[in-house]
Amino acid sequence: MSGTWINLLFDIIICISLLGGTFFILSGSIGILRFPDVYARLHAATKSSTLGVAGIMIGAFLFLYMEHNIVSGKLLLGILFVLLTAPVSGHMISRAAYRSGVPLWDKSVKDDYATALKAEEKQNQSQ
Amino acid sequence: MEHMLDITQSLIEYSSLISIIGVSVSVLILLYRAIKGPTNPDRAVALDIIGINLMALAGLIAILLVTTKFNDVILLIGILLFIGTVALAKFLEKGVIIERDMD
């Protein structure tokens, strides 16, 4: 293996991205454990775990590129796929939770979706 | 120079081991939420994030074993996870997944 400073620098970047991704995944799951409500748990879950898995995938991509000279498009496609689908699935779960009657946290002060649903119902009745 | 490269190579190995331990702890925490969770959407959220953590574990094991055979596994887990979560959300919302009456 030809040792240059670039290899060393990329090794350190790989370490930082792996540990950063693990930090975000762990903080997201601690948020899921500690938050009081389904909707707040979704807020903790989707964003931070998307960022964490993106960090780990970037680390794996750089490692395979430096070690084998393989440009693995599937890892980049995996990042893109998680980035596209995690917000969609979070939105669908939160809408299902609201429609199936899961109550909000008793200290939450604003419920805009209830007024929107009421307005939609009134419009349907007037038609 | 070669000495320092050996040091950073072992540093990558150690950091991937630490990451595997961290992601496993996160899966355990989510498993608690998936079993205990007060309502059914809580369990759906926890299962979704367990799947995303499995993608990260597959990437980390690919680093540790220095192989490229895990990349298909990562894509497959992602696609099946999205389909399963959408189906679970539709089931929680309406009670059916595929609606039969085409009016």
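Residues numbered from 1 in each chain as written. Chains lettered and ligands numbered in written order. Predicted model: local features only at pLDDT ≥ 70, side-chain atom pairs only at ≥ 80, totals over all residues. Heavy atoms only, no water.

Regarding the overall build of chain A
No. 1: On a plain count of helices and strands, chain A comes out with four helices and zero strands.
No. 2: When the elements of chain A are put in sequence order from the N terminus, they spell out α-α-α-α.
No. 3: Relative to the globule expectation of 14 Å for 127 residues, the C-alpha radius of gyration of chain A, 21 Å, shows a markedly less compact shape.
No. 4: Its C-alpha atoms put chain A at 75 × 35 × 20 Å along the principal axes.
No. 5: By residue count, 41% of the 127 residues in chain A fall in the buried class.
No. 6: By sequence separation, contacts in chain A at least 24 residues apart represent 58% of the contacts at least 6 residues apart.
No. 7: Only carbon and sulfur atoms are counted for the fraction: they give 66% of the accessible area of chain A, which is about 7,300 Å².
No. 8: When the 10 basic and 8 acidic side-chain charges of chain A are each reduced to a single mean position, those positions are 5 Å apart. (Helix = DSSP H or I, 4+ residues; strand = E, 2+ residues; numbered from the N terminus. Rg over C-alpha atoms; globule rule 2.2 N^0.38 Å. Buried < 20%, exposed > 50% of the residue type's maximum accessible area, 1.4 Å probe, protein only. Contact = heavy atoms within 4.5 Å. Areas by Shrake-Rupley, 256 points an atom, 1.4 Å probe, with all protein chains shown as cover. Lys, Arg positive; Asp, Glu negative; His and termini not counted. Charge placed at Lys NZ, Arg CZ, Asp CG, Glu CD.)

So, the UniProt feature "transmembrane region" (unreviewed entry) in chain A
All names here are of chain A.
No. 1: In this structure's numbering, the residues bearing the UniProt feature "transmembrane region" (unreviewed entry) are residues 6–33, 45–65 and 71–90.
No. 2: Across residues 6–33, helical content stands at 100% and strand content at 0%; the span's end C-alpha atoms are separated by 41 Å.
No. 3: Taken end to end, residues 45–65 is 100% helix and 0% strand, and its first and last C-alpha atoms sit 30 Å apart. (UniProt positions renumbered as here; feature names shortened; annotations may be inferred.)

Describing the packing of helix H3 (residues 73–99) of chain A against helix H3 (residues 71–94) of chain B
No. 1: Running from N to C, H3(A) and H3(B) point in directions that differ by 10 degrees, and their axes come no closer than 9 Å. Comparing the axis directions of H3(A) and H3(B) gives the class roughly parallel.
No. 2: Of the residues belonging to the contact of H3(A) with H3(B), the class tally is 14 nonpolar, six polar and six charged. (Axes fitted to C-alpha atoms, helices over the stretch in contact; angles between N-to-C directions. Parallel < 35°, antiparallel > 145°, perpendicular 65-115°, else oblique. Nonpolar A, V, L, I, M, F, W, Y, C, P; charged D, E, K, R; others polar.)

So, the interface of chain A and chain B
No. 1: The interface is formed by 52 residues belonging to chain A together with 51 residues belonging to chain B.
No. 2: Interface area for chain A against chain B, summed over the two sides, is near 4,600 Å², with a carbon-plus-sulfur share of 78%.
No. 3: When the buried surface of chain A facing chain B is broken down by residue, Phe63(A), Lys74(A) and Ile93(A) rank first, second and third, together holding 11% of it.
No. 4: Linking chain A with chain B are four salt bridges.
No. 5: With a closest N to O distance of 3.9 Å, Arg95(A) and Glu93(B) form a salt bridge. (Buried area = accessible area lost by both parts, 1.4 Å probe. Salt bridge = Lys/Arg side-chain N within 4 Å of Asp/Glu carboxyl O.)

Here we look at the UniProt feature "transmembrane region" (unreviewed entry) in chain B
No. 1: The residues that UniProt annotates with the feature "transmembrane region" (unreviewed entry) are residues 12–32, 44–67 and 73–92 of chain B.
No. 2: From the first C-alpha to the last, residues 12–32 of chain B spans 30 Å; its make-up is 100% helix and 0% strand.

Remarks on the environment of Leu42(A)
No. 1: Relative to the helices and strands, Leu42(A) resides in helix H2 (residues 38–68).
No. 2: Between the alpha carbons of Leu42(A) and Asn124(A) there is a distance of 30 Å; along the sequence they are 82 residues apart.
No. 3: The residues contacting Leu42(A), other than those within four sequence positions of it, are Gly90(A), Ile93(A), Ser94(A) and Val45(B).

What about the pattern of salt bridges?
When their charged atoms lie close together, side chains carrying opposite charge are able to pair.
No. 1: Counting across every chain of the model gives five salt bridges over all chains.
No. 2: Here Asp72(B) ties to Lys74(A) by a salt bridge, and the two come within 2.8 Å at their closest N and O atoms. Taken together, the positions of Asp72(B) in helix H3 and Lys74(A) in helix H3 put the pair across two chains.
No. 3: The network of salt bridges with common partners includes Arg95(A), Arg99(A) and Glu93(B).

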